[in-house]
Every structure is written in structure tokens, then in C-alpha cells.
Amino acid sequence: EGSVLGRELADVARAELDKLPERQRQVVTMRDMLGFESSEVCDLLEISAANQRVLLHRGRAAVRQALEAYLTERS
């Protein structure tokens, strides 16, 4: 069941990521999935460090909330 749950959680995270506003999705994808440094994200997307932090925080929070809701529904 562990690998099944892992796949299900990855699917939930991906689905939530797809729902995010474009900039949030870009920042979360670049930081958490592609491993970019914050300075690289800022340069590539032409955003400030503060904006990058806000977008990352909001995006991660939305994905985390979706995962928590999914896990709560399963129990």
C-alpha cells in the first residue's frame, strides 16, 4: 500500500499544482521539482526575491492543504 499511497499523493499534488495561478505554479515547479535556487527563479522570471518568497509560500500552502484534505478523507 505504501507505493500506492505515494502515487496517489503525487497525483493529488500534481492536480493541485495544475490549479495554481501560473506564476505560483512556475515558482513551485522551479524550486521544488526542478531544484532551482531562489536567485535563479528571480532572474528567470524577472521577479523580486520578496515576490518569489510569497509565490512559493502560497503555492506550497495550497498543495499542502490539498494533500492534508486527501489524507483526512482517506482516514
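For the structure itself, look to the data block above.
With that out of the way, let us pick up the overall build of the protein. Along the backbone of the protein there are 4 helices and 0 strands. Over its C-alpha atoms, taken along the principal directions, the protein stretches across nearly 40 × 20 × 15 Å. The buried share among the 75 residues of the protein stands at 27%. Considering only residue pairs separated by 6 or more positions, the protein has 57% of its internal contacts joining residues 24 or more positions apart. If you sum the accessible surface of the protein, you get close to 5100 Å²; carbon and sulfur atoms cover 50% of it. When the 11 positive and 13 negative side-chain charges of the protein are each reduced to one mean point, those points stand 3 Å apart.

This part covers the nonpolar core. As a rule of thumb, soluble globular proteins bury nonpolar side chains together. The biggest cluster of nonpolar side chains holds 12 residues, and these are Leu-17, Leu-20, Val-27, Val-28, Met-30, Val-41, Leu-45, Ile-47, Leu-55, Leu-56, Ala-62 and Val-63. Elements with a contribution of two residues or more to this core: helix 2 (22–33), helix 3 (38–45) and helix 4 (49–74). With 4 residues, helix 4 is the largest single contributor of residues to this core.

Here the focus is the packing of helix 2 against helix 3. Between two packed helices, what matters for the description is the angle formed by their axes and the separation of those axes. Viewed as axis vectors pointing N to C, helix 2 and helix 3 meet at an angle of 140°, and their least axial separation amounts to 10 Å. Taken together, the axes of helix 2 and helix 3 are oblique relative to one another. Judged by the twist between their axes, the crossing of helix 2 over helix 3 is right-handed. Where helix 2 abuts helix 3, its residues Arg-23, Gln-26, Val-27, Met-30 and Arg-31 lie against Ser-38, Val-41, Leu-44 and Leu-45. Broken down by class, the residue content of the contact of helix 2 with helix 3 amounts to 5 nonpolar, 2 polar and 2 charged.

About the cut-offs
- The numbering scheme is per chain: residues are counted from 1 as the chain's sequence reads.
- Owing to the predicted nature of the model, reporting of local features is limited to residues with pLDDT of at least 70; listing and counting of side-chain atom pairs is limited to 80 or more, with chain, interface and lining totals taken over all residues.
- Calculated side-chain values reflect all of the structure's heavy atoms, with hydrogen atoms and water omitted.
- Secondary structure elements follow DSSP: runs of H or I of four or more residues count as helices, runs of E of two or more count as strands, with numbering from the N terminus.
- Working definition: with a 1.4 Å probe on protein chains only, accessible area under 20% of the residue-type maximum means buried, over 50% means exposed, and in between means partly exposed.
- Residues count as neighbours in contact if any of their non-hydrogen atoms are within 4.5 Å of one another.
- The Shrake-Rupley method, run with a 1.4 Å probe sphere, supplies the accessible areas, and residue values consider only the shown protein chains as cover.
- Note on charges: Lys and Arg go in the positive column, Asp and Glu in the negative column, and His and the chain ends are not counted at all.
- The atom standing in for a charge is NZ when the residue is Lys, CZ when it is Arg, CG when it is Asp and CD when it is Glu.
- We call a set of buried residues a nonpolar core when its members are Ala, Val, Leu, Ile, Met, Phe, Trp, Tyr or Cys and they connect through side-chain atoms within 4.5 Å of each other.
- Axis definition: a line fit to C-alpha positions, over the contact stretch in the case of helices; interaxial angles, taken between N-to-C directions, run 0 to 180 degrees.
- Throughout this description, any angle smaller than 35 degrees is read as roughly parallel, any larger than 145 degrees as roughly antiparallel, any in the 65 to 115 degree range as roughly perpendicular, and the remainder as oblique.
- In this scheme the crossing of two helices becomes right-handed for a clockwise turn of the near helix relative to the far one and left-handed for an anticlockwise turn of less than a right angle.
- Classification convention: Asp, Glu, Lys, Arg as charged; Ala, Val, Leu, Ile, Met, Phe, Trp, Tyr, Cys, Pro as nonpolar; all other residues, Gly among them, as polar.

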